Amino acid sequence: MIDLEFLESLIRSLDRSSLDTIEVESGGTRIRLSKSAPSLLGMSGPPTVMPQAAPPEVVEVPQHVEPALPPASDLVDVKSPMVGTFYRSAAPDAPPYVEVDSVVSAGDTLCIIEAMKLMNELESEIEGRVVEILVENAEPVEYGQVLFKIDPAR
């Protein structure tokens, strides 16, 4: 069971902060609170604390369930070939290699993954349009983690 006082403090913390989302996972239960995205219950807007007479409803989600994106079977997932740190550009002051809606050709650099102090360029294997970038700059990535979604139809 989830401690309602803890949940209420999370909601208050999110409401007072500049963060958009807080996600907490403990003992097989994951709680995700977001200011702008619809929740699992289809509600949106800023989080609110309900009166004590009606405690907030808690949705327990098994660890392996992720919110589903609309079906896009024709999109190609570009996955990380290694564990490392994801960089969108060659230098902090340089423009990113690609943005959402960038058209790429096979061999174009998509990003850099730093692993063990080595900078590894990740190149596109297909032609297409970048539909989604799933990782933030300087964020750690895991082997096999999806970094980009590319529409080969452009």
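For the structure, see preceding data.
Residues numbered from 1 in each chain as written. Predicted model: local features only at pLDDT ≥ 70, side-chain atom pairs only at ≥ 80, totals over all residues. Heavy atoms only, no water.

Draft legend 1. Region of interest: the overall build of the protein. Along its length, the protein carries one helix and 10 strands. Along the protein, from the amino end to the carboxyl end, the secondary structure elements read α-β-β-β-β-β-β-β-β-β-β. By residue count, 27% of the 154 residues in the protein fall in the buried class. A separation threshold of at least 6 residues defines the contact pool for the protein, and within that pool the share at least 24 residues apart is 56%. Of the roughly 10,100 Å² that the protein leaves accessible, carbon and sulfur atoms contribute 54%. (Helix = DSSP H or I, 4+ residues; strand = E, 2+ residues; numbered from the N terminus. Buried < 20%, exposed > 50% of the residue type's maximum accessible area, 1.4 Å probe, protein only. Contact = heavy atoms within 4.5 Å. Areas by Shrake-Rupley, 256 points an atom, 1.4 Å probe, with all protein chains shown as cover.)

Draft legend 2. Quick peek at unusual backbone geometry. Unlike most non-glycine residues, Asp101 shows phi in positive territory, near 80 degrees. Checked against the element boundaries, Asp101 lands in the loop between β4 (84–87) and β5 (103–104).

Draft legend 3. Looking closely at the packing of aromatic side chains. Counted by the stated rule, this structure contains one aromatic pair. Between Phe86 and Phe148, the ring centres sit 5.8 Å apart and the planes meet at 50 degrees, which makes this aromatic pair tilted. Pair noted here: Phe86 is in strand β4 and Phe148 is in strand β10 (residues 146–151), with a separation of 62 residues, a long-range link. (Phe/Tyr/Trp six-rings, centres within 6.5 Å; stacked < 30°, edge-to-face > 60°.)

Draft legend 4. Spotlight on the nonpolar core. Core analysis: the biggest nonpolar cluster contains 15 residues, and Phe86, Leu110, Cys111, Val130, Leu147 and Phe148 have the highest contact counts within it. Elements that contribute at least two residues to this core include exactly β6 (109–115), β8 (128–133) and β10. When neighbours within four sequence positions are excluded, Phe148 is seen to be in contact with Val76, Asp77, Val78, Phe86, Val98, Leu110, Cys111, Val130, Glu132 and Ile133. The next biggest cluster of nonpolar side chains, apart from the first, holds seven residues, and it includes Ile11, Leu14, Ile22 and Ile31. (Core = buried A, V, L, I, M, F, W, Y, C linked by side-chain atoms within 4.5 Å.)

Draft legend 5. Representation of the environment of Val135 in the model. Along the chain, Val135 turns up in the loop between β8 and β9 (139–141). A residue is classified by how much of its surface remains accessible, and Val135, at 3% relative accessible area, is buried. Val135 sits 10 residues away from Gln145 along the chain, and the two C-alpha atoms are 9.3 Å apart.

Draft legend 6. Quick peek at the layout of surface pockets. Its volume calculated, the second largest pocket comes out at about 150 Å³. As for the second largest pocket, its lining consists of Val76, Asp77, Val78, Lys79, Leu122, Glu123, Ser124, Glu125 and Ile126. The set of elements that each furnish at least two residues to the lining of the second largest pocket consists of β3 (76–79) and β7 (118–123). With four residues, β3 is the single largest residue contributor to the lining of the second largest pocket. Across the lining of the second largest pocket, the residue classes tally to four nonpolar, one polar and four charged. (1 Å grid on protein atoms, 1.4 Å probe; cavity = no way out; pocket = protein on both sides within 12 Å on 5 of 7 lines; lining within 4 Å. Points joined across faces, edges and corners; volume = space filled by probe spheres on them. Nonpolar A, V, L, I, M, F, W, Y, C, P; charged D, E, K, R; others polar.)

Shape is all these values report; function is a separate question.
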